[in-house]
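Secondary and tertiary structure notes
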Amino acid sequence: MNPAMPDCLATPLLFELSRPGCRAVRLPKCDVPEKPLGELLPAGAIAADPPLLTELSEPEVVRHFVNLSTRNMSVDANFYPLGSCTMKYNPKRNERLASLPGLLDLHPYQPEASLQGMLAVLHRCQHMLAEIAGLAAVSLQPAAGAHGELTSLLVAAAYFRDLGQGRSVVLIPDSAHGTNPASAAMAGFRAATVKSTADGLVDLSDLAAKLDDQTGVFMITNPNTLGRFEPRIAEIARRVHEVGGLVYLDGANMNAILGISRPGDFGIDLMHFNPHKTFSGPHGGGGPGAGPIAVRERLAPYLPVPMVVKDPGGYRLDYARPKSIGRVRSFLGNVGVLVRMYCYIRTHGPAGLRRIAEDAVLNANYLLARLKHVLPAADGDRCMHEFVLSAADLKAQRGVSALDLAKRLLDFGYHAPTIYFPLIVREALMIEPTETESKATLDAFADTLARIAQEDAAWLRDAPHSTPISRPDEVAAARKPVLRWREGS
Ligand SMILES: *Cc1c(COP(=O)(O)O)cnc(C)c1O
């Protein structure tokens with residue numbers, strides 16, 4: 001050691017970081033033989049010149065990425081009333097807890113004995129979701145809501161196969177999310193549409209006409225995508241059960257009924273949750289989702305493997321389930337999202353979950369009350385956690401579309417609502433404020449939309465006016481994305 005160098009500078013950084021209190025840093029062992037690289041590689045594989053890398057200083061790189069990050073629309077920076085997607089505030093506490101080294105640094109191939117903490121968390125998640133659903137058993141495996149739909153329909157198909165019944169049809173209301181018919185088709189069913197009434201609920205006579213011994217599953221979103229709770233759900237379930245079918249709940253809208261109503265109690269046989277919506281996991285560009293499913297007792301044997309079970313000796317992964325549909329995802333599922341869900345549910349507790357739903361419904365109704373004078377509401381004066389406005393009249397009278405309004409909102413720092421969904425409402429704007437927004441935020445948004453609706457039509461058709469890109473060709477952007485940062489590079 002250089003005797004002139006003070007001790008604190010001479011201590012290698014990795015040693016410093018590996019002292020008690022810091023996380024251990026272990027460098028992997030390297031087995032590369034000690035020969036010059038030139039002798040290890042064939043001559044043709046060696047470049048003549050070093051690569052032409054752009055030389056940038058650290059501050060330049062930091063500024064580049066920090067400036068890029070400020071162009072991002074996110075729940076942390078903007079009001080984000082994206083209907084159906086439930087863009088909730090992502091509590092920072094969740095992030096801190098999910099980043100604890102004992103959770104973050106697990107390896108998927110670690111032996112079960114050293115995974116007991118994570119398995120305990122997952123086991124409790126299974127129990128908590130079963131309780132919230134009012135159903136018997138839960139699988140945490142599916143990786144997103146749509147994957148939960150597919151997994152559930154595979155479970156239903158296995159159940160019918162076991163009964164010796166070749167039920168081939170899945171019935172889906174015309175207000176449903178597009179993933180529902182897609183999942184039905186992927187699971188080998190034929191998707192058939194059930195009409196909605198003028199007020200957006202299930203048309204019972206159309207349903208009755210389509211129910212028969214081929215009916216496998218009726219998929220319903222409740223509250224539905226118009227923000228209405230289907231009050232005849234128990235009767236609907238009874239009719240589906242009468243012909244031997246199962247009732248599936250698309251649980252994307254659970255935020256409206258958490259702790260107030262349990263799907264199992266209103267006749268649902270199987271369902272999925274969207275932890276990244278209902279239980280505050282970051283999503284959109286912010287992270288992956290998950291799609292746990294809950295089922296009645298008689299469907300439990302068909303759930304995917306592995307299940308997390310508790311024995312006297314501890315927690316373990318159970319693969320010995322002969323009727324299981326098998327694996328639907330590698331390892332334990334998207335545990336990062338599930339851990340955040342666990343933190344969120346435990347933080348709020350039973351009474352807190354109910355309060356979340358009550359506040360979500362209150363906020364949506366307040367905003368609806370303010371906005372129904374600006375654009376007609378697709379469905380009445382009251383809603384659950386979201387509502388749908390229609391710009392159809394505005395378009396007919398002044399040529400201003402839902403898209404124009406949504407684009408113009410960007411100029412005011414708002415994320416646009418969901419537009420053109422549900423498909424049964426023309427020029428739809430679907431607005432979901434979520435429970436954490438203040439009255440001041442809701443008022444400011446309502447004032448802005450009211451102001452925009454009065455603006456000059458040509459100005460609106462050119463909006464947004466303040467974003468780096470105004471109106472990209474969305475079809476071309478999806479079909480022929482340009483992924484290079486500059487032409488020719
Ligand atoms: C979000 C959503 C889905 C799909 O969930 P993902 O987690 O995005 O796969 C399905 N149905 C409805 C009503 C939704 O809002």
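Let us look at the structure shown here. Computed from a prediction, not measured in an experiment: that's the story for all the values here.

Re the site of the ligand
Every residue lining the ligand is accounted for by Ser84, Ala144, Gly145, Ala146, Glu149, His177, Thr179, Asp250, Ala252, Asn274, His276 and Lys277. Measuring from an oxygen atom of the ligand, one finds a side-chain N or O atom of Asn274 at 3.0 Å. The contact in question runs from an oxygen atom of the ligand to an N or O atom on the side chain of Lys277, over 2.8 Å. Relative to its unbound accessible surface of 380 Å², the ligand loses 87% to contact with the protein. Counting residues per element, the ones that place at least two in the shell around the ligand are helix H8 (145–163) and helix H12 (275–278). The biggest single contributor to the shell around the ligand is H8, with 3 residues.

Points about the nonpolar core
Grouped together as the largest cluster of nonpolar side chains are 60 residues, with contacts concentrated most on Leu207, Phe218, Met271, Phe273 and Phe279. When residues of this core are assigned to their parent elements, the largest contribution, 12 residues, is made by helix H13 (residues 335–371). Within the second largest apolar cluster, 28 residues are counted, among which are Ala137, Ala184, Ile293 and Ala300.

Some words on the sheet that holds strand E3 (residues 190–194)
If you trace the 7 strands from one edge of the open sheet to the other, you get E1-E7-E6-E5-E4-E2-E3, paired in mixed fashion. Both edges of this open sheet fall to strand E1 (137–139) and E3, since each of them pairs with a single strand only. With direction set aside, neighbouring strand axes in the sheet form an average angle of 25°. Looking at chain direction, strand E5 (residues 246–250) and strand E6 (residues 270–272) are connected through 3 bridges and run parallel. Residue pairing for E6: Leu249 is matched across the bridge by Met271. Lying over the sheet, helix H11 (residues 233–242) contacts strand E4 (215–221) and E5, oriented at roughly 140° with respect to E5.

Quick look at the pattern of salt bridges
Counted by the stated rule, this structure contains 29 salt bridges. For the salt bridge of Asp318 with Arg321, the shortest nitrogen-to-oxygen distance reads 3.6 Å. Between Glu427 and Lys395 there is a salt bridge whose closest N-O contact spans 3.4 Å. With Glu427 in the loop between strand E11 (418–419) and strand E12 (428–431) and Lys395 in helix H14 (residues 392–398), this residue pair connects regions lying 32 residues apart in the sequence. A residue is classified by how much of its surface remains accessible, and Glu427, at 12% relative accessible area, is buried. Shared partners join several salt bridges into a network, and the residues in it are Asp311, Arg316, Asp318 and Arg321.

Let's talk about the sheet that holds E11
Across the sheet, 3 strands lie side by side as E10-E12-E11; this open sheet has antiparallel pairing. Looking at which strands have only one partner, the edges of the open sheet turn out to be strand E10 (387–390) and E11. Taken together, the 4 bridges between E10 and E12 define a ladder with antiparallel strand orientation. Its bridge partner being in E12, Val388 is matched across the sheet by Met430. Packing against the sheet, H13 makes contact with E10 and E12, and its axis sits at approximately 15° to E10.

With respect to a nonpolar patch on the surface
On the surface, Leu56, Val61, Phe65 and Leu68 cluster together into a nonpolar patch covering about 370 Å² of accessible area. Positionally, Phe65 belongs in helix H4 (residues 58–69). When its relative accessible area of 53% is taken as the criterion, Phe65 is described as exposed.

Here's the deal with the packing of helix H7 (residues 116–133) against H13
Where H7 meets H13, the axes come as close as 10 Å, and the angle between the chain directions of the two elements is 50°. Between H7 and H13, the angle falls in the class oblique. The element H7 and its partner H13 pack so that their crossing is left-handed. Side by side, H7 and H13 meet where Met118, Val121, Leu122, Arg124, Cys125, Met128, Leu129 and Ile132 of the first sit next to Val335, Leu338, Val339, Met341, Tyr342, Ile345, Arg346 and Leu353 of the second. Each residue belonging to the contact of H7 with H13 can be placed in one class, and the counts come to 14 nonpolar, no polar and 2 charged.

Basis of the calculations
- Note that residues are indexed from 1 along each chain, following the sequence as it is written.
- For this predicted model, a pLDDT threshold of at least 70 governs which residues receive local features, and a threshold of 80 or more governs which side-chain atom pairs are given and counted, while totals over whole chains, interfaces and linings are taken from all residues.
- Only heavy atoms go into the side-chain values, all of them from the structure, while hydrogens and water stay out.
- The cutoff for a nearby residue is simple: one of its non-hydrogen atoms must lie within 4 Å of the molecule or strand.
- Definition of a polar contact: a pair of N or O atoms within 3.5 Å, with one able to donate and the other able to accept a hydrogen when the atoms are protein atoms, and with sequence-neighbouring residues admitted only if both atoms are side-chain atoms.
- Surface exposure here means Shrake-Rupley accessible area, sampled with a 1.4 Å probe, where a residue is shielded only by the protein chains that are shown.
- Every helix listed is a DSSP run of H or I at least four residues long, and every strand listed is a run of E at least two residues long, numbered separately from the N terminus.
- For our purposes a nonpolar core is just a set of buried Ala, Val, Leu, Ile, Met, Phe, Trp, Tyr and Cys residues, chained together by side-chain atoms within 4.5 Å.
- Only protein chains enter the area calculation, which uses a 1.4 Å probe; residues under 20% of their type maximum are buried, those over 50% are exposed, and those in between are partly exposed.
- By the convention used here, strands pair only if DSSP detects at least 2 bridges between them.
- The convention used is that axes are lines fitted to C-alpha atoms, helices contributing only their stretch in contact, and that angles between N-to-C directions extend from 0 to 180 degrees.
- The contact criterion used throughout is that any non-hydrogen atoms of two residues lie within 4.5 Å.
- By convention in these notes, a salt bridge is any Lys or Arg side-chain nitrogen within 4 Å of a carboxyl oxygen on Asp or Glu.
- Like charges within 9 Å and nonpolar side chains (Val, Leu, Ile, Met, Phe, Trp, Tyr) within 5 Å are joined into patches, using only residues over 30% in relative accessible area that form no salt bridge.
- Each angle receives one of four descriptions, namely roughly parallel if under 35 degrees, roughly antiparallel if over 145, roughly perpendicular if within 65 to 115, and oblique otherwise.
- For any pair of crossing helices, the crossing counts as left-handed if the nearer helix is rotated counterclockwise from the farther one by less than a right angle, and right-handed if it is rotated clockwise.
- Throughout, the ten residues Ala, Val, Leu, Ile, Met, Phe, Trp, Tyr, Cys and Pro are labelled nonpolar, Asp, Glu, Lys and Arg are labelled charged, and all others, Gly among them, are labelled polar.

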